[in-house]
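Okay, here's what each chain looks like letter by letter:
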Amino acid sequence: MSVMRVAILIAALSLAGPAGAQVMDAQDRLRAQQQLDELRAQQQLLQQQSVAQHNELMALDARLRTEQQAARIQAERQPTRLPQLPYPAPAGSIDTSKLPSIPDAALAESNRRVQEISKNRD
């Protein structure tokens, strides 16, 4: 090889170095942009999934509240049932001879005293 050819080759290689680096930088930028686009797409997909889950939870909550209200209304429509007594209720009349009694004279005297006291208050 001649000296001239070697000089031309060295000059060409020295010029190709920065140009090759520029090509690599462009490829790196393109690759980085693609990665950024992929991340943005993933983020948007996750956001959409989050909104869908939130909407589903809100629908389930609304359905649950509706069912609870319907059950409450249904329960209110049912007639009230009195509890069963643990023992049978007595049938017939009560024997009043076994109840304590106060003589009429004692009741009249008590009533007279209450009337006197109430007159003194006025």
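Report on the accompanying structure. If you're wondering where the values come from, they're calculated on a predicted model, not measured in any experiment.

**Looking at the overall build of the protein chain**
Right, so step 1: A count of helices and strands for the protein chain gives two helices and zero strands.
Right, so step 2: By residue count, 0% of the 122 residues in the protein chain fall in the buried class.
Right, so step 3: Split by element, the accessible area of the protein chain, about 12,000 Å² in all, is 59% carbon and sulfur.

**Some remarks on the pattern of salt bridges**
Right, so step 1: Applying the stated criterion across every chain, the model contains six salt bridges.
Right, so step 2: The partner of glutamate 76 in a salt bridge is arginine 72, with the nearest N and O atoms 2.6 Å apart. With glutamate 76 and arginine 72 both in helix H1 (residues 3–77) and four residues apart, this pair spans about one turn of that helix.
Right, so step 3: For glutamate 109, the salt bridge goes to arginine 112, with nearest N and O atoms at 2.3 Å. Of the two residues, glutamate 109 and arginine 112 are both situated in helix H2 (residues 104–121); the distance of three residues between them amounts to about one turn of the helix.
Right, so step 4: Among the charged side chains, a salt-bridge network with shared partners connects Glu109, Arg112, Arg113 and Glu116.

Cut-offs used in this document
- Residues numbered from 1 in each chain as written.
- Predicted model: local features only at pLDDT ≥ 70, side-chain atom pairs only at ≥ 80, totals over all residues.
- Heavy atoms only, no water.
- Helix = DSSP H or I, 4+ residues; strand = E, 2+ residues; numbered from the N terminus.
- Buried < 20%, exposed > 50% of the residue type's maximum accessible area, 1.4 Å probe, protein only.
- Areas by Shrake-Rupley, 256 points an atom, 1.4 Å probe, with all protein chains shown as cover.
- Salt bridge = Lys/Arg side-chain N within 4 Å of Asp/Glu carboxyl O.

Purely geometric stuff here, so don't read any function into it on its own.
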